[in-house]
Amino acid sequence: MEVTLLGTGDTTGTPTPNCECGTCRAARDRGVERSRFSVHVHNERTGESLLVDASPDFRQQFLDHDVDLPDAVLVTHVHFDHLDGLGNAYRLLDDVPVYAADETDPVTDESVAETVDRKYDYLDAISVRPRTPYEPFETCGFEVTLVPVEHPPLVCYGVRIADPETGAVLSLTGDTNYDLPERSRDVLRGADLLLADGIVPASNCEYHPLGGDHPDDEGVFRTFGTKHMTIEGARDLAAELGADDYRLVHLSHYIPAERAFDDDMAVDGETFGL
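Since this is a predicted model, take the numbers as computed values, not measurements. (Residues numbered from 1 in each chain as written. Predicted model: local features only at pLDDT ≥ 70, side-chain atom pairs only at ≥ 80, totals over all residues. Heavy atoms only, no water.)

### Remarks on the overall build of the protein
Part 1 of the reasoning: Along the backbone of the protein there are six helices and 16 strands.
Part 2 of the reasoning: A compact globule built from 274 residues should have a C-alpha radius of gyration of about 19 Å, and the protein, at 17 Å, falls within 12% of that.
Part 3 of the reasoning: Taking the principal axes of its C-alpha atoms as reference, the protein extends roughly 50 × 40 × 40 Å.
Part 4 of the reasoning: Counting only residues that meet the buried cut, the protein has 57% of its 274 residues in that class.
Part 5 of the reasoning: Once local pairs closer than 6 in sequence are excluded, the contacts in the protein between residues at least 24 apart make up 64%.
Part 6 of the reasoning: Counting only carbon and sulfur atoms, one obtains 44% of the accessible surface of the protein, whose full area is about 11500 Å².
Part 7 of the reasoning: Charge centroids of the protein, computed over 21 positive and 54 negative side chains, lie 3 Å from each other. (Helix = DSSP H or I, 4+ residues; strand = E, 2+ residues; numbered from the N terminus. Rg over C-alpha atoms; globule rule 2.2 N^0.38 Å. Buried < 20%, exposed > 50% of the residue type's maximum accessible area, 1.4 Å probe, protein only. Contact = heavy atoms within 4.5 Å. Areas by Shrake-Rupley, 256 points an atom, 1.4 Å probe, with all protein chains shown as cover. Lys, Arg positive; Asp, Glu negative; His and termini not counted. Charge placed at Lys NZ, Arg CZ, Asp CG, Glu CD.)

Here it is, written out as structure tokens:
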């Protein structure tokens, strides 16, 4: 299993356009980028590739990184920075299945699968395939399991991707706060690599209208507002889930420049052989 981090940033990416903050300047100086979230998972045994989330930066990501176009796509939720790149299937992909959860979201009155099907009904190149959370399914030679996480107000899912032949496991938390269901935590445990959503340091919670949530024993918030983990929360979760290695993703440019490129903070183009 070869994992390529195509997009490791939040909804605006880093550098953010027209931003001269220290972190965006540092990213430019380093020649690194955190574009909108997307992960490419290649199966060397079968020659197939699975794309987790279709970033709006799809075209540039595939130009910048030496990876194959996907044989299948998995969509974790319907926020635009994880979905809207699917339009790139037009004239580019052919007969690609798009997997997404089949649970009805009480906010949208649709499942993720139904929303994808409705928004992209003009794309003959894709076929939406609903899947039930916690029930493993096969694609690209991998065993894939969607697990519910907490990203209010919309439903969102983490993912476990396992190679049944080699035993390699990749886990992704999806966009989530720290309060993942215990059953979901159990599915995500013990991966070779964990990609954990961590958007800002806990100290930034003072700037959020809703503050922070899920404090640790020392009062450090592990959730920023309601939707995402803090850096501290993501690191705590990685330790709890016991992955052999982990990277923080969905990172914003609001992380102070002196901390924004720590070793566990991903940048676009990182690759891992599992």
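Next comes the rest of the write-up.
### Quick notes on the pairing of strand 2 (residues 38–43)
Along any regular strand, the residues point their side chains to alternate faces of the sheet.
Part 1 of the reasoning: Within strand 2, six of the six residues are buried, leaving the element largely enclosed by the surrounding structure.
Part 2 of the reasoning: Neither face of strand 2 is exposed, since Ser38, His40 and His42 on one face and Val39, Val41 and Asn43 on the opposite face are all buried.
Part 3 of the reasoning: Where strand 1 (residues 2–7) meets strand 2, five bridges bridge the pair, whose relative direction is antiparallel. Pairing of Glu2 across the sheet is with His42, part of strand 2.
Part 4 of the reasoning: The pairing of strand 2 with strand 3 (residues 48–52) spans five bridges and is antiparallel. Counterpart to His42 in the pairing with strand 3 is Ser49. (Pairing = 2+ DSSP bridges.)

### Brief notes about the pairing of strand 5 (residues 96–101)
Part 1 of the reasoning: In terms of residue burial, strand 5 counts as a mostly covered element, since six of its six residues are buried.
Part 2 of the reasoning: The alternating pattern of strand 5 places Val96, Val98 and Ala100 and Pro97, Tyr99 and Ala101 on opposite faces, both of which are buried.
Part 3 of the reasoning: Sheet topology note: the strand 4 (residues 72–74)/strand 5 ladder contains two bridges and is parallel. Its bridge partner being in strand 5, Leu74 is matched across the sheet by Tyr99.
Part 4 of the reasoning: As defined by bridge partners, strand 5 adjoins strand 6 (residues 126–131) across six bridges and the pair is classed as parallel. By the bridge assignment, Val98 is partnered in strand 6 with Val128.
Part 5 of the reasoning: Once the chain exits strand 5 it traverses helix 4 (residues 112–119) before rejoining the sheet at strand 6, and the crossover so formed is right-handed. (Right-handed = clockwise from strand over helix to strand, strands pointing away.)

### A look at the packing of aromatic side chains
Part 1 of the reasoning: Taken as a whole and assessed by the stated rule, the structure comprises three aromatic pairs.
Part 2 of the reasoning: In this structure, Arg183 packs its charged tip against the face of Tyr134, placed 3.8 Å from the ring centre.
Part 3 of the reasoning: Positioned above the aromatic ring of Tyr178 is the side chain of Arg185, whose terminal nitrogen or guanidinium carbon lies 4.9 Å from the ring centre. (Phe/Tyr/Trp six-rings, centres within 6.5 Å; stacked < 30°, edge-to-face > 60°. Lys NZ or Arg CZ within 6 Å of the ring centre and 35° of its normal.)

### Let's talk about unusual backbone geometry
Part 1 of the reasoning: In this chain, Thr14 is followed by Pro15 through a cis amide linkage whose omega measures 0 degrees.
Part 2 of the reasoning: Within the secondary structure, Pro15 is located in the loop between strand 1 and helix 1 (22–30).
Part 3 of the reasoning: Omega for the bond connecting Pro152 with Pro153 falls within 30 degrees of zero, at 10 degrees, which places this linkage in the cis form.
Part 4 of the reasoning: Positionally, Pro153 belongs in the loop between strand 8 (142–151) and strand 9 (154–162).

### Here's the deal with helix 4
Part 1 of the reasoning: Listed in full, the buried residues belonging to helix 4 are Val112, Ala113, Thr115 and Val116. Within helix 4, the buried residues cover an arc of 165 degrees as seen down the axis, which keeps them to one side.
Part 2 of the reasoning: Contact partners of the buried residues in helix 4: helix 3 (80–83), strand 5, strand 6 and strand 9. (Arc of directions from axis to C-beta.)

### Some points on the environment of Leu172
Part 1 of the reasoning: One can find Leu172 in strand 10 (residues 169–172).
Part 2 of the reasoning: The spatial distance from the C-alpha of Leu172 to the C-alpha of Leu146 is 9.7 Å, given a sequence separation of 26 residues.

### Let's talk about the environment of Thr12
Part 1 of the reasoning: Examined against the element boundaries, Thr12 turns out to sit in the loop between strand 1 and helix 1.
Part 2 of the reasoning: Along the backbone, Thr12 and Leu251 are 239 residues apart, and their C-alpha atoms lie at a distance of 9.8 Å.

### Things to note about a negative patch on the surface
Part 1 of the reasoning: Among the surface-exposed residues, Asp102, Glu103, Asp109, Glu114, Asp117, Asp121 and Glu135 lie close enough to one another that they form a single negatively charged patch.
Part 2 of the reasoning: Turning to its location among the elements, Asp102 is positioned in the loop between strand 5 and helix 4.
Part 3 of the reasoning: Of the residues examined, Asp102 reaches a relative accessible area of 31% and is grouped as partly exposed. (Patch = residues over 30% accessible without salt bridge, like charges linked within 9 Å, V, L, I, M, F, W, Y side chains within 5 Å. Salt bridge = Lys/Arg side-chain N within 4 Å of Asp/Glu carboxyl O.)

Note that every value here comes from positions in space, so none of it alone points to a role or purpose.
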